[in-house]
Amino acid sequence: MAISDSESDVSSGSTGSEGLSDSSQLDPPPSSEIPRCIANWWLNDKLGAGYSGSIFRATHLHTRQIVALKVQYVNHECPTNRYERHLYPLLQGGKGMPRLWASGVQGEWDYLAIDLLGASLDSLYRKSGKDTMDLRSVCSIAMQLISRLELMHTRGVLHRDIQLGNCVVGLPPNEGTIYMIDFGFSKRYIDPYTNRHIPNSNAKRDFIGNYWFSSVNVHCRGRVPSRRDDLEAAALMLIHLLTPRGLSWTRNGVPKTSEAHNRLKAEKKAAQPEDLCKGMPVEFEDFLKYCRRLKFKDRPDYSQWIEHFRALAVEEGFPASEDFIWPPPSIDKPVHPPRHARTAAVKKDDLADILNDLAKLNMGARQILGDRTNVEDVVKHTKADAKLNSGQRSEPITISSGSESDTRVNLMPKAYQLNQLAEQVSKATDNPAISQLVRQFIGVLKINSSRTLTREAFHFLDKLYKQLDDPSVFIKAKKTSQTRSFSEQVPEREPSHVKLGVVARLRQEVQFAPNNKALASMVADFAKITNKSTGRTVTKDGFAFLEGLSERLKFLP
Ligand SMILES: Nc1ncnc2c1ncn2[C@@H]1O[C@H](COP(=O)(O)OP(=O)(O)OP(=O)(O)O)[C@@H](O)[C@H]1O
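If you're wondering where the values come from, they're calculated on a predicted model, not measured in any experiment.

Undergrad: Please provide a residue-by-residue account of the sheet that holds strand β2 (residues 37–38), values included.
TA: Pairing within the open sheet is antiparallel, and its six strands lie in the order β2-β3-β4-β5-β7-β6. The strands lining the two open edges of the sheet, one partner per strand, are β2 and β6 (100–106). One ladder, built from two bridges, connects β2 with strand β3 (residues 41–49); its direction is antiparallel. Considered in β3, the bridge of C37 is made with W42. Its contacts with the sheet put helix α1 (residues 80–91) on β5 (66–73), β6 and β7 (109–114), and the angle it makes with β7 is roughly 35°.

Here it is, written out as structure tokens:
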């Protein structure tokens, strides 16, 4: 933890200054090293150290009980033990909350004796050497972390410093449980006397939290933290774990100057959920957006999100249990087969192929990929493996095996997204907006479940078709096209085997479409052909067509 924004000697990225004494008024530093024995606790090995103190494995001299002893110089400028000893009693007995066995001050040393726990997620993840964490582990962390926050919030307490280093696993037999630690920045948000929520305020306040995951509202806008901000921090932490090399603003270490801190804040503030979550299952983007939509005093719907992440794990072929299993079992051998042939993100090989296909589209000097840092990274990593596929027939990427009815519950987030996009596209009044919506549509298709066109996806295409087909919608905002649905147009009788040929042609032609009406007719052809094919699968050519459509819309008046 750091006392001011410009402190640099911290590794966790935590920082705070609210309610802390000015360093110029501090008592002199401790006259001696930490003793081997504090109160009745014999200090063994050091487990970790933070800005304000050190943690030791310690043994009780009489009972032989072993605990983690958090030791702090009593007049430290950031006296977090003093705050934590008042917070722990509120959290006792909850799953994943360490027990406080004793606390006090002896001589110059303030100590807390708490349950001895295992490694932090930060250290487990670092030691794994991987540049992303596996999806099953991230789903487990999501379920447990949201549950822990629900418990803390139900007891009237905000954590305010959610980060990997503050989530630790239990020791056997509790190694599947994730515990919250470090309540040094925690605060009651329910006034114990009035039982009311703390008030909001527009006055700028000192930042308390950590650089990596504190919410945009708290970190970048100086707002008062509430339940939504703990949840947003959890969302950012989960997204960080699934992003190759982590969120971009975490890659340069803790900012050493206030200029560097301002740059970090600007980067965090500008990062949109859809960009941060490219290539991830849609639940993560949905979750971040949900947290950001919450109002200051809103109670988050914890159980809904726990169930979304459980459903995601199950769809991936993993157990529904939230237990954290580390190291993760091989992803080649899920406990039961996935209900869909589905991966968390676009497979690296597929992605390289799709991007190669796109690169071959004649778009002149225009940059097709824009600023898609994550995608570029993945492409860089797969460069060696990427096959040039010129002249190859386009193959379906994946085929759905389940019927729509037996997957409806698990596909709720996808269906919801698609319905929202359909709604938005029917109200869009210019081509750049439609282009953006098509891009989002592609994102939802690629990352959620099998890449089939579901009923909701057809609904979106239908609305898109209508909007493109009727130029009058652009004259008066909010007018919705009266064009008939493409499914009502004269049906074509093409055998399913022509699909690949038609979509490949569409993909080529879309870049030269002279106007929206021509694009509308292409959308109708694409939807009809895909509807007729077995499994209604979107092929690589299909995705290239949609990408080309989105690009073309940017340049048509
Ligand atoms: N109960 C515990 N059992 C085992 N290890 C622990 C325990 N509590 C903390 N640790 C270890 O010590 C590290 C620091 O703990 P903690 O975050 O509570 O201290 P801090 O001084 O508040 O740190 P920071 O300044 O990083 O916030 C943790 O990341 C963890 O590795």
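Undergrad: Quick one: what's the story with the environment of S186, residue by residue and with numbers?
TA: Note that S186 resides in the loop between β10 (178–180) and β11 (187–188). C-alpha separation for the pair S186 and E84, spaced 102 residues apart in sequence, amounts to 7.7 Å. Those residues in contact with S186, other than ones at most four positions away along the chain, are L87, V157, L158, H159 and R160.

Undergrad: Lay out helix α17 (residues 540–555) with the relevant residues and their values.
TA: Here α17 contains 16 residues, and its C-alpha end-to-end distance of 23 Å stays within 8% of the 22 Å for a straight helix at 1.5 Å per residue. A large share of α17 lies buried, amounting to 14 of its 16 residues.

Undergrad: Could you give an account of the pairing of β5, naming the residues involved and the relevant values?
TA: Of all eight residues making up β5, six are buried, and the element is well covered by its neighbours. Where strand β4 (residues 54–60) meets β5, six bridges bridge the pair, whose relative direction is antiparallel. In the strand pairing of β5, F56 is matched with L69. Connecting β4 to the next strand, β5, in antiparallel fashion are five residues, including R64 with a positive phi near 65°. Pairing geometry for β5 and β7, over six bridges, is antiparallel. Bridging from a neighbouring strand, Y73 pairs with W109 of β7.

Undergrad: Quick one: what's the story with the UniProt feature "binding site: ATP" (unreviewed entry) in the protein, residue by residue and with numbers?
TA: Taken from the UniProt record, the annotation "binding site: ATP" (unreviewed entry) applies to K70. Other than its neighbours up to four places away in sequence, K70 contacts G53, I55, N81, Y111, L112 and I114.

Reading the values: rules and limits
- Residues numbered from 1 in each chain as written.
- Predicted model: local features only at pLDDT ≥ 70, side-chain atom pairs only at ≥ 80, totals over all residues.
- Pairing = 2+ DSSP bridges.
- Helix = DSSP H or I, 4+ residues; strand = E, 2+ residues; numbered from the N terminus.
- Contact = placed C-beta atoms within 7 Å.
- Axes fitted to C-alpha atoms, helices over the stretch in contact; angles between N-to-C directions.
- Expected span 1.5 Å × (residues − 1).
- Buried ≥ 20, exposed ≤ 12 C-beta atoms within 10 Å, placed from the backbone.
- UniProt positions renumbered as here; feature names shortened; annotations may be inferred.

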